[in-house]
Amino acid sequence: MDVRHFLLCLSFCTLCALSKPTDKKERVHHDPQLSDKVHDDDQNFDYDHDAFLGAEDAKTFDQLTPEESKERLGMIVDKIDADKDGLVTEGELTAWIKKTQRKYVYDNVERQWQEFDMDQDGFISWDEYRNVTYGTYLDDPDPDDGFNYKQMMVRDERRFKMADRDGDLIASKEEFTAFLHPEEYDYMKDIVVLETMEDIDKNGDGVINLEEYIGDMYNQDGDGEEPEWVKTEREQFVEFRDKNRDGKMDKEETKDWILPSDYDHAEAEARHLVYESDQNKDGRLTKEEIVDKYDLFVGSQATDFGEALVRHDEF
């Protein structure tokens, strides 16, 4: 892996970039869609399969016989049942769907893990991360690429310490995941806001004014007229971003902007799956209820989808 490229990606390279972007930068973190399929159970359950398994694993299940599909689904149910009481709640199902949808995050961490865990002890210390990432860069007071590595290291160390919940400067895999992908963890969201504000707040007064907000997205070269989207962003800042109308965004206003309270697709899908599968209507699912409704949760080589629709309509 090119360490420099990884470093720039991780550290939101706008911190030390030589020039501002001319295209709109996307700062807002939205939850990704559960599937690119249309959610229409009257046609098929493809959306539900992608949401429950993830798109790649859903393709694998499509190659299984119904019997194999049911067997594997039963094993998945055991994993979803976090408290091992034999029942799957809407909350447990929501947590499973969110974990499934974050597979790309975990895959990314796995790709990084071996490179940073130098002593192969199953943990990554701050020293290991610092040495691998920065190494000899710190010895060069005037790097020719224009990046201030010491400043970036301080910023990374701050994030590493926040991700390190037990404060031992040694990251477990989950803590390292929070370090690499802080937007995915509630306890890391303050650092996402702080880093964003540092990137945009050019005068260092701790808030983001209108010109800093626009300047982060658009670089006015010459006397050309601003694109329409820039004018729209100016209006957005005045009407929606700056909630207290003081001409700037503080920490809470910035958080509302970049980490909006989106519609929870995972929660909605979990509610849908419970509703469709809960035969005794007690609000919880047994393994039998889930496996009996296996075609809703997973795919298989079953060809008589009409029969599956009949079962769907019965509940």
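Up top is the structure these notes are about.
The sections below set out a description of the structure shown in this document. Nothing here was measured: the structure is a model prediction, and the numbers come from that model. (Residues numbered from 1 in each chain as written. Predicted model: local features only at pLDDT ≥ 70, side-chain atom pairs only at ≥ 80, totals over all residues. Heavy atoms only, no water.)

Let us now look at the overall build of the protein. Across its full length, the protein carries 17 helices and six strands. The buried share of the protein, taken over its 315 residues, is 43%. Considering only contacts within the protein whose residues lie at least 6 apart along the sequence, 63% involve residues at least 24 apart. Element-wise, carbon and sulfur atoms account for 49% of the exposed surface of the protein, whose accessible area totals about 17000 Å². (Helix = DSSP H or I, 4+ residues; strand = E, 2+ residues; numbered from the N terminus. Buried < 20%, exposed > 50% of the residue type's maximum accessible area, 1.4 Å probe, protein only. Contact = heavy atoms within 4.5 Å. Areas by Shrake-Rupley, 256 points an atom, 1.4 Å probe, with all protein chains shown as cover.)

This brings us to helix α9 (residues 173-180). With respect to burial, α9 is a largely interior element, six of its eight residues being buried. Every buried residue belonging to α9 is among Glu175, Phe176, Thr177, Ala178, Phe179 and Leu180, and all of these are buried.

Take the layout of surface pockets next. Of the voids in this model, the largest pocket is the one considered here, and its volume is about 670 Å³. Forming the walls of the largest pocket are 21 residues, and the residues nearest its centre are Asp31, Lys98, Glu183, Glu184 and Lys189. Elements with a contribution of two residues or more to the lining of the largest pocket: α5 (90-101) and α14 (265-277). (1 Å grid on protein atoms, 1.4 Å probe; cavity = no way out; pocket = protein on both sides within 12 Å on 5 of 7 lines; lining within 4 Å. Points joined across faces, edges and corners; volume = space filled by probe spheres on them.)

This part is about the side chain of arginine 241. Along the polypeptide, arginine 241 turns up in helix α12 (residues 228-241). Within polar-contact distance, the side chain of arginine 241 engages the side chain of tyrosine 213 at 3.0 Å. Those residues in contact with arginine 241, other than ones at most four positions away along the chain, are Tyr213, Glu233, Gln236, Met249, Glu253 and Trp257. (Polar contact = N/O pair within 3.5 Å; in protein donor to acceptor, adjacent residues only side chain to side chain.)

To continue, consider the environment of aspartate 81. With respect to the helices, strands and loops of the structure, aspartate 81 is situated in the loop between α4 (66-80) and β1 (87-88). Its relative accessible area of 8% is what places aspartate 81 among the buried residues. Residues aspartate 81 and tryptophan 96, 15 residues apart in the sequence, show an inter-C-alpha distance of 9.2 Å. Beyond its immediate sequence surroundings of up to four residues, aspartate 81 is in contact with Gly86, Leu87, Val88 and Glu92. Among the polar contacts made by the side chain of aspartate 81, one reaches the main-chain amide nitrogen of aspartate 85 at a distance of 3.2 Å.

Right, let's get into α5. Spanning twelve residues, α5 covers 16 Å between terminal C-alpha atoms, matching the ideal 16 Å at 1.5 Å per step. On its buried face, α5 sits against α2 (46-53), α4, β1, α6 (103-116) and α14. (Expected span 1.5 Å × (residues − 1).)

Here the focus is unusual backbone geometry. Phi at lysine 84 takes a positive value of approximately 55°, unusual for a residue other than glycine. Summarising the element assignment, lysine 84 is placed in the loop between α4 and β1. By relative accessible area, lysine 84 is classed as exposed at 57%. Of note in this structure, lysine 281 is not a glycine but carries a positive phi near 55°. Along the chain, lysine 281 turns up in the loop between α14 and β6 (285-286).

Turning our attention to the packing of aromatic side chains. Aromatic ring pairs: the centre-centre distance and the angle between the two ring planes describe each pair. Counted under the stated rule, the structure contains 15 aromatic pairs. An angle of 50° between the planes, with centres 5.2 Å apart, marks the rings of tyrosine 213 and phenylalanine 237 as tilted. Here tyrosine 213 is found in helix α11 (residues 210-217), whereas its partner phenylalanine 237 is found in helix α12, with 24 residues between them in sequence. This pair shows no difference in class: tyrosine 213 is buried, exactly as phenylalanine 237 is. A cation sits over an aromatic face here: arginine 165 above tyrosine 187, 3.8 Å from the ring centre. (Phe/Tyr/Trp six-rings, centres within 6.5 Å; stacked < 30°, edge-to-face > 60°. Lys NZ or Arg CZ within 6 Å of the ring centre and 35° of its normal.)

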